[in-house]
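Secondary and tertiary structure notes
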Amino acid sequence: MKEIYYSIIAPIIYILFSILYINMAKSFNIYDHPVGRSSHLHRTITGYGLFNLIGLLMYCLVFPYTLNSFFIIGLIMVSTISFIDDIVFVKHFVRLIFQIFALILLAIELPFAFLDVEKWPIVIACVILGVLVLNAFNFIDGINGMLGLNSLVILLSLWWINENTISIDGDPLHFINPYLIYTFIVGVSVFLFFNLRKKAIVFAGDVGSIAIAFIIFYLILNLIFTTGNIAYFLLFSVIGVDTGLTVIYKLILKENIFVPHRDFLFKKLVHVGKHPHVKVSIVYASIQALISIIIIFLPLQGKLSAQLSILFIFVFLLCATYIFVRNKYTKQRIIRLRDNDVD
């Protein structure tokens, strides 16, 4: 019975939080002000991503003792330092330290029993990958709808897998309590109501992008370690390839990857291609949804060679698409700058 009440009450609490937070942010002047390399033109309320902690609190009150305490502590850690950074600047090194400690807490309680290897090398690998994932999500908040739509696609995919996939033993998978995923699906959906529009009312801020990335990363690692299917990494492949290749590109040029810039492909589509924010976000989320559907329905469990092949094929196709489209818009930008010089 509590599940029914929770399903009804959770959206109401999120809506009440939204009203309260928007008014509080206006009173305390919690805004993201556009700078030279920003993707938005108007000051926008930021820090709305606190909805993730509201969701965590709701879930823990209704379903106590169903989450690892280290995951909870880790999520609170990255959310706290990120919210502080939304209000006053926090040095990148300090944020990175908090992220590393939080990811260590997340990793050490993952279901490693599936892996017949030493634990700590896997923990280290998870922390390194986690830092990349957290900051990849942090880069996408400036495009209206990008963070919310892609997070929603991933969460819906995880919910479907959790509820409908059969394990190798023939039992329902259920790698996590479905109401945990439901909680954040509702939270992201409410966030999209205020963010997925031509002029966003709110941004999630660092607290939102980092926290939802931490949650998604935790869920996907649980799924992979429960099933042994590494192809599930493709559930966040579109954003991963874009941000990963862009960071590599910036490092090759010896540029500071932490300084706001417009070198991501989705930002080039907005600023060079002049495509609307919402359109770009929908395209990215649609591509991710298509990949996720294929991965969900392919019979890959227990077939490592097939999983590796699928990983390689999709990553290769995404990388090739990225390079092709990026070169196209880079040439457009060069031509536009040259024409302006002639004028």
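Residues numbered from 1 in each chain as written. Predicted model: local features only at pLDDT ≥ 70, side-chain atom pairs only at ≥ 80, totals over all residues. Heavy atoms only, no water.

1. Some thoughts on the overall build of the protein
Along its length, the protein carries twelve helices and two strands. The order of helices and strands in the protein, counted from the N terminus, is α-β-β-α-α-α-α-α-α-α-α-α-α-α. Scaling as 2.2 N^0.38, a compact globule of 343 residues should have a C-alpha radius of gyration of about 20 Å, and the protein matches this with 20 Å. Across its three principal axes, the protein shows a C-alpha extent of roughly 70 × 50 × 35 Å. Here the protein holds 343 residues, and the buried ones make up 51% of them. Residue pairs in contact within the protein that sit at least 24 positions apart in sequence constitute 74% of those at least 6 positions apart. Carbon and sulfur atoms make up 70% of the accessible area of the protein, which totals about 16,700 Å². Of the charged side chains in the protein, 24 are positive and 18 negative; the average position of the first set lies 12 Å away from that of the second. (Helix = DSSP H or I, 4+ residues; strand = E, 2+ residues; numbered from the N terminus. Rg over C-alpha atoms; globule rule 2.2 N^0.38 Å. Buried < 20%, exposed > 50% of the residue type's maximum accessible area, 1.4 Å probe, protein only. Contact = heavy atoms within 4.5 Å. Areas by Shrake-Rupley, 256 points an atom, 1.4 Å probe, with all protein chains shown as cover. Lys, Arg positive; Asp, Glu negative; His and termini not counted. Charge placed at Lys NZ, Arg CZ, Asp CG, Glu CD.)

2. As for helix α7 (residues 178–195)
Over its 18 residues, α7 extends 25 Å from the first C-alpha to the last, a length consistent with the 26 Å expected when each residue adds 1.5 Å. Among the 18 residues that make up α7, 13 are buried, leaving the element largely enclosed by the rest of the structure. The backbone nitrogen of Y179 has a side-chain oxygen 2.9 Å away, supplied by the residue at the start of α7, namely N177. (Expected span 1.5 Å × (residues − 1). Polar contact = N/O pair within 3.5 Å; in protein donor to acceptor, adjacent residues only side chain to side chain.)

3. Brief notes about a nonpolar patch on the surface
Taken together, the side chains of M1, I4, Y5, I8, I9, I12, I13, I15, L16 and I19 present a nonpolar region at the surface, about 1,000 Å² in accessible area. On the secondary structure map, I4 appears in helix α1 (residues 2–28). (Patch = residues over 30% accessible without salt bridge, like charges linked within 9 Å, V, L, I, M, F, W, Y side chains within 5 Å. Salt bridge = Lys/Arg side-chain N within 4 Å of Asp/Glu carboxyl O.)

4. A look at the confidence of the model for the protein
Overall, the prediction assigns the protein a mean pLDDT of 89, with 92% of residues at 70 or greater. Taken element by element, the predicted model of the protein shows its lowest mean pLDDT in helix α12 (residues 304–342) (84) and its highest in α7 (97). (pLDDT = per-residue confidence, 0-100.)

5. Thoughts on the packing of helix α6 (residues 146–164) against helix α8 (residues 205–227)
Following both chains from N to C, one finds α6 and α8 inclined at 25°, their axes separated by 11 Å at the closest point. Relative to α8, α6 is oriented roughly parallel. Read as a crossing pair, α6 and α8 show a hand that is left-handed. The residues of α8 that touch α6, namely those facing L147, S151, I154, L155, L158 and I161, are G208, S209, I212, I216, L219, I220 and L223. (Axes fitted to C-alpha atoms, helices over the stretch in contact; angles between N-to-C directions. Parallel < 35°, antiparallel > 145°, perpendicular 65-115°, else oblique. Left-handed = near helix turned anticlockwise from the far one by under 90°.)

6. With respect to unusual backbone geometry
A positive phi is found at N29, a non-glycine position, where the angle reads about 60°. As for its position among the elements, N29 is in the loop between α1 and β1 (31–32). Here K274, not a glycine, exhibits a phi torsion of approximately 60°, which is positive. Residue classification places K274 among the exposed residues on the basis of a relative accessible area of 59%.

7. What to know about the packing of helix α3 (residues 69–87) against helix α4 (residues 92–108)
Put simply, α3 and α4 touch, their axes get as near as 7 Å, and they point 165° apart. Here α3 is positioned roughly antiparallel relative to α4, judged by the angle of their axes. Seen from above, α3 lies across α4 with left-handed handedness. In this structure, α3 contributes F70, F71, I73, G74, M77, V78, I81 and D85 to the contact, and α4 contributes V94, R95, F98, Q99, F101, A102, L105, L106 and I108. Counted by class, the contact of α3 with α4 contains 13 nonpolar, two polar and two charged residues. (Nonpolar A, V, L, I, M, F, W, Y, C, P; charged D, E, K, R; others polar.)

8. Considering the environment of P111
Note on placement: P111 falls in the loop between α4 and α5 (119–139). Assessed through its relative accessible area of 29%, P111 is described here as partly exposed. A C-alpha to C-alpha distance of 6.7 Å links P111 and N222, two positions 111 residues apart in sequence.

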